[in-house]
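Take a look at the letters that make up each chain.
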Amino acid sequence: MNKSTFSRLRHQKVTTGFICFLILLFMTGAGKLFIYNRQRDQELVLLLERLSTVEKEYSLLKNDYETLNDSHSHLVSQLDQVNSLVHTLEAELCSNVYARLSKGLPVNILIVGDSIGAGSGCSRPENSWVSLVTAYLEEKYNTDIYINNISMGGCDSLCGYVRVKELRDNIDYDLAIVCYGQNDSPEQFDIFYESIIRAVCQKYTKCSVISIQESSQKTYTEKMKAISTIASYYGIPVVDTIAPFRKGNTNQEIDDFYNMLTADGIHPNDAGHAVYARQIENTIDKMVSSHADTEINLPPP
């Protein structure tokens, strides 16, 4: 074998070995890549299975939430119905106006009177004792007060009786405030005044009554004494506005003080109406505090 042949054979062996090395190296890397890709595929399958499980769990949780939400809405609706029923029962059970006020339930009030009941003498309607009492009760007892004032200037107690009998407004009144005396003659005043009380209680069977002794009388005249007697007989509280208008040690001082509270010597001015309001408010507050049962079971006249 010559030198050139040996050299050529040697070169072929080297080339063949190098090619085999490259083939081996490629096959080793491809194997590793195959194994790696297979592992990736398995991990992806597991991840997809886990995702599917999570989706199913989410769907179950969503259904549970919707069921709970529906149940909550149903319970809220039932609770609203129960509260409404309780409110209705309270309104039915609390027929007494003072109990209704203590519970914050709406109250309907009827004012029956003469010009003092109508608010004469005050500078503006909102300064009348009726408006002041209404605002006070709504704020103190956190309730709604409906007022129907059928008082009329120049009206006496007989007129008041007729007005009550003729009233047709389909409202069940809880309280009637009666304010008469100034325009009445002493003769038969007690009969006409009692007739108002009976007419109110016959027409509104659960209605309480408050009587006012009018300041314009200045003293406790026979008419004012008659109011006390009738009120005592029927168990009605009396609001005295005579005493608060009489302050002083002499007749002159008493007259001066009285005139300070009146617009014309008869009708209370703004300050006088405020006195009326305070007296009525104090009476109502005492009745509420005492939980008084003021439903009137009419005795014989």
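Residues numbered from 1 in each chain as written. Predicted model: local features only at pLDDT ≥ 70, side-chain atom pairs only at ≥ 80, totals over all residues. Heavy atoms only, no water.

Caption draft 1: Spatial organisation of the overall build of the protein chain. On a plain count of helices and strands, the protein chain comes out with nine helices and five strands. Counting every position in the protein chain, which comprises 301 residues, the buried fraction comes to 35%. Across the protein chain, the fraction of contacts at a sequence separation of at least 24, relative to all contacts at a separation of at least 6, is 75%. Accessible area of the protein chain: about 18,200 Å², with a carbon and sulfur share of 56%. (Helix = DSSP H or I, 4+ residues; strand = E, 2+ residues; numbered from the N terminus. Buried < 20%, exposed > 50% of the residue type's maximum accessible area, 1.4 Å probe, protein only. Contact = heavy atoms within 4.5 Å. Areas by Shrake-Rupley, 256 points an atom, 1.4 Å probe, with all protein chains shown as cover.)

Caption draft 2: Representation of the packing of aromatic side chains in the model. Per the counting criterion, the structure on display carries six aromatic pairs. Centroid distance Trp129 to Tyr276: 6.5 Å. Interplanar angle 25°. Geometry classified as stacked. Of the two residues, Trp129 sits in helix α4 (residues 129-141) while Tyr276 sits in helix α9 (residues 270-289), which places them 147 residues apart along the sequence. Assigned by exposure class, Trp129 and Tyr276 land together as buried. Summarising the aromatic geometry, the rings of Phe189 and Tyr193 are spaced 5.4 Å apart at their centres and angled 45° between planes, so their arrangement reads as tilted. Remark: Tyr193 and Phe189 occur in helix α6 (residues 189-203); sequence separation between them is four residues, near one turn of the helix. The two residues Phe189 and Tyr193 agree in class, both being buried. One aromatic cluster is present, built from ring pairs that chain together Trp129, Phe245, Tyr258 and Tyr276. (Phe/Tyr/Trp six-rings, centres within 6.5 Å; stacked < 30°, edge-to-face > 60°.)

Caption draft 3: Expanded view of the state of the cysteines. A full pass over the atoms with the stated rule returns one disulfide. Between the sulfur atoms of Cys155 and its disulfide partner Cys159 the distance amounts to 2.5 Å. With the S-S dihedral at roughly -115°, the linkage between Cys155 and Cys159 falls on the left-handed side. Classification of Cys155 by relative accessible area gives buried; the value is 2%. (Disulfide = S-S within 2.5 Å.)

Caption draft 4: Highlighting α9. Taking 1.5 Å per residue, 20 residues should reach 28 Å; α9 reaches 28 Å between its end C-alpha atoms and fits that length. The secondary structure elements touched by the buried residues of α9 are α2 (97-102), α3 (115-118), α4, β3 (175-179), β4 (208-213) and β5 (238-240). Two or three places before Ala271, at the start of α9, stands the capping residue Asn269, its side-chain oxygen 3.1 Å from that residue's backbone nitrogen. (Expected span 1.5 Å × (residues − 1). Polar contact = N/O pair within 3.5 Å; in protein donor to acceptor, adjacent residues only side chain to side chain.)

Caption draft 5: Main features of helix α5 (residues 157-166). Within α5, the full set of buried residues consists of Ser157, Gly160 and Val164. The arc that holds the buried residues of α5, viewed along the axis, is 45°, so those residues lie on one side. Those residues of α5 hidden inside the fold are in contact with β1 (107-113) and α6. (Arc of directions from axis to C-beta.)

Caption draft 6: Expanded view of the pattern of salt bridges. Counted by the stated rule, this structure contains three salt bridges. Residues Asp174 and Arg100 are paired through a salt bridge, measuring 3.8 Å at the closest nitrogen-oxygen approach. With Asp174 in the loop between α5 and β3 and Arg100 in helix α2, this pair connects stretches of sequence that are 74 residues apart. For the pair Asp174 and Arg100, one class covers both residues: buried. Among the salt bridges present, the one from Glu126 reaches Arg124, with a minimum N-O distance of 3.5 Å. Judged by relative accessible area, which is 42%, Glu126 ranks as partly exposed. (Salt bridge = Lys/Arg side-chain N within 4 Å of Asp/Glu carboxyl O.)

Caption draft 7: Highlighting the sheet that holds β3. Reading across from one edge, β2-β1-β3-β4-β5 is the order of the five strands in this open sheet, with parallel pairing throughout. Unpaired on one side and paired on the other, β2 (145-149) and β5 mark the two borders of the sheet. Sheet twist, expressed as the average angle between the axes of neighbouring strands with direction ignored, equals 20°. Pairing geometry for β1 and β3, over five bridges, is parallel. When the bridges of β3 are listed, Gly113 appears paired with Cys179. (Pairing = 2+ DSSP bridges. Axes fitted to C-alpha atoms, helices over the stretch in contact; angles between N-to-C directions.)

Caption draft 8: Broad picture of the nonpolar core. Trp129, Ile177 and Ile284 are the most contacted members of the largest nonpolar core, which has 29 residues in total. Contributing elements (two or more residues each) for this core: α2, β1, α4, β3, β4 and α9. Top contributing element to this core by residue count: α9, with seven residues. Excluding its chain neighbours within four sequence positions, the residues that come into contact with Trp129 are Ile111, Ile116, Gly117, Ile177, Ile212, His273, Tyr276, Ala277 and Ile280. Of all hydrophobic cores here, the second largest spans 28 residues; its members include Ile150, Ile197, Ala199 and Ile236. (Core = buried A, V, L, I, M, F, W, Y, C linked by side-chain atoms within 4.5 Å.)

Caption draft 9: Quick look at the packing of α5 against α6. It is at 8 Å that the axes of α5 and α6 come closest, and there the two elements cross at 15°. The angle between α5 and α6 falls in the class roughly parallel. Considering how the two elements wind past one another, α5 and α6 form a crossing that is left-handed. On the side of α5, the interface is formed by Ser157, Leu158, Gly160, Tyr161, Val164, Lys165 and Glu166, while α6 contributes Phe189, Phe192, Tyr193, Ser195, Ile196, Ala199, Val200 and Lys203. For the contact of α5 with α6, the residue count by class is nine nonpolar, three polar and three charged. (Parallel < 35°, antiparallel > 145°, perpendicular 65-115°, else oblique. Left-handed = near helix turned anticlockwise from the far one by under 90°. Nonpolar A, V, L, I, M, F, W, Y, C, P; charged D, E, K, R; others polar.)

Honestly, that's just the spatial picture; any functional story needs more than this.
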